[in-house]
Amino acid sequence: MLAAILFDLDGTLTNTDPIHFRAWQEHLSEHGLEIDETFYKTQISGKTNPVIIEEILPNLSMEAGQQLADAKELRFRELATQEITAMAGLTQILDWAQQQQLPLAVVTNAPPENAYFMLETLKLNAHFQTIVISDEIGVGKPDPAPYNIALERLNVAPEAAIAFEDSPSGIRSAVAAGIPTIGIASTHNPQVLYDLGAMLVIPDFTDEQLWALLKSPGKVDEPKLLVN
């Protein structure tokens, strides 16, 4: 029996990756680094800011790295204020979960300011029983700790939950925590998410295979690989 649903935030509750990509483009260009979408997907998407900056600008001091991260996230929020929208079908799955009396959690690598900004802007705060933010617990995805903490807070066994994730680091985190994981192909190729352990990959929450799985757990047809 399904007992809880856990959601990533960026790229899952809302398709923010195009906005993050533009914000990173702007600020990394100031450091002489021009990036394309492939670079963003492979080197940035799903990671925490300290890891991103340490890997791609290792010569920056901690102070300079933090200033870069803060400036980039401020720019993200400026852009997102006008552009952020909920993932297709999100309202339906949240309403369905409420009808089923399922507790919900957000598990995110987003900086706290971004996480609370996005949830407030999308008017989603009231839907979630707990919000696990990597910066606030001191460890981020792909470590399974954020998902383990969410499960502990909800008092739910991993096999009784479902996680929704869009990034490789997020898939690794949820799968390592033992949670059946559904990939959202908002940013990455579906095959990448399958290869990392997703049991199903869908474009958004309107997908018929998802609803077959939710309404008849264990009876869903063999997942079909989506073409990106």
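Right above here is the structure, for reference.
Residues numbered from 1 in each chain as written. Predicted model: local features only at pLDDT ≥ 70, side-chain atom pairs only at ≥ 80, totals over all residues. Heavy atoms only, no water.

Overview of the packing of aromatic side chains
What counts, and what does not: Here a pair means two rings of Phe, Tyr or Trp (six-membered ring of Trp) with centres within 6.5 Å. Their orientation is stacked below 30 degrees between planes, edge-to-face above 60, and tilted elsewhere. Numbering of helices and strands runs from the N terminus; a helix is a DSSP stretch of H or I covering at least four residues, while a strand is a stretch of E covering at least two. Partly exposed residues are those whose accessible area sits between 20% and 50% of the maximum for their type, while under 20% is buried and over 50% is exposed, using a 1.4 Å probe and protein chains only.
A full pass over the atoms with the stated rule returns six aromatic pairs. Where F7 meets F205, the ring centres are 5.9 Å apart and the plane angle is 70°; that geometry is what we call edge-to-face. With F7 in strand β1 (residues 4-7) and F205 in the loop between β6 (200-202) and α11 (208-215), this pair connects stretches of sequence that are 198 residues apart. When sorted by exposure, F7 lands in the same class as F205, which is buried.

Here we look at the sheet that holds strand β4 (residues 161-165)
Our working rule: Pairing between strands is defined by DSSP: at least two bridges between the two strands are required. For helices, the axis comes from a line fit to the C-alpha atoms of the stretch in contact; other axes are also lines fit to C-alpha atoms, and the angle between any two N-to-C directions lies between 0 and 180 degrees. Should any heavy atoms of two residues lie within 4.5 Å, those residues are counted as being in contact.
Spatial strand order, β3-β2-β1-β4-β5-β6: six strands in an open sheet with parallel pairing. On the outer flanks of this sheet lie β3 (130-133) and β6, each paired with one strand and no other. Each strand of the sheet is rotated relative to its neighbour by a mean of 20°, with strand direction disregarded. Most of the contacts of helix α5 (residues 90-99) go to β1, to which it runs at about 150°, and overall it touches β1, β2 (104-108) and β4. In the packing of α11 onto the sheet, contacts are made with β4, β5 (181-184) and β6, and the angle to β6 comes to roughly 135°.

Some remarks on helix α2 (residues 37-44)
The following threshold applies: For this analysis, a polar contact is any N or O atom pair within 3.5 Å, provided that within protein one partner can donate a hydrogen and the other can accept it, and provided that sequence-adjacent residues contribute only side-chain to side-chain pairs.
If you check the start of α2, you find a side-chain oxygen 3.3 Å away from the backbone N of T38, and it comes from D36. In the stretch just after α2, G46 is the one whose phi turns positive, near 85°.

Digging into the pairing of β5
In plain terms, the rule: We call a crossover right-handed when, viewed with both strands directed away from the observer, the connection leading from the first strand over the helix to the second proceeds clockwise.
Burial along β5 is two-sided: the face carrying T181 and G183 and the face carrying I182 and I184 are both buried. Of the pairings in the sheet, the one linking β4 to β5 comprises three bridges and is parallel in character. The partner of A163 across the bridge, within β5, is T181. For the crossover from β5 across helix α10 (residues 190-195) to β6, the handedness is right-handed.

Section: the pairing of β1
Residues A4 and L6 line one face of β1 and the alternating positions I5 and F7 line the opposite face, and both faces are buried. Looking at chain direction, β1 and β4 are connected through four bridges and run parallel. Within the sheet, the bridge partner assigned to L6 lies in β4 and is A163. The pairing of β1 with β2 spans three bridges and is classified as parallel. Bridge pairing in β2 links L6 to A105.

So, the packing of helix α1 (residues 17-29) against α2
Put simply, the rule is: Oblique is the label for every angle not falling under 35 degrees (roughly parallel), over 145 degrees (roughly antiparallel), or within 65 to 115 degrees (roughly perpendicular). Gly falls in the polar group here, along with every residue not listed as nonpolar (Ala, Val, Leu, Ile, Met, Phe, Trp, Tyr, Cys, Pro) or charged (Asp, Glu, Lys, Arg).
At their nearest, the axes of α1 and α2 sit 11 Å apart, and the two run at 100° to each other. Overall, the two elements α1 and α2 adopt an arrangement that is roughly perpendicular. Listed contacts from α2 to D17, H20, F21, W24 and L28 of α1 are E37, Y40 and I44. Here the residues of the contact of α1 with α2 are counted per class, giving five nonpolar, one polar and two charged.

Remarks on the pattern of salt bridges
Basically, it comes down to this: Salt bridge criterion: a side-chain nitrogen from Lys or Arg within 4 Å of a carboxyl oxygen from Asp or Glu.
Applying the stated criterion across every chain, the model contains seven salt bridges. For K47, the salt bridge is made with E55, and the minimal N-O distance between the two is 2.8 Å. E55 gets classed as partly exposed once you look at its relative accessible area, which sits at 45%. A salt bridge links E78 to R75, with the nearest nitrogen and oxygen atoms 3.3 Å apart. Taken as a pair, E78 and R75 lie in helix α4 (residues 62-83) at a separation of three residues, close to a single helical turn. The partly exposed category is assigned to E78, whose relative accessible area is 44%. What you see here is one network of salt bridges that share partners, running through D8, K141 and E165.

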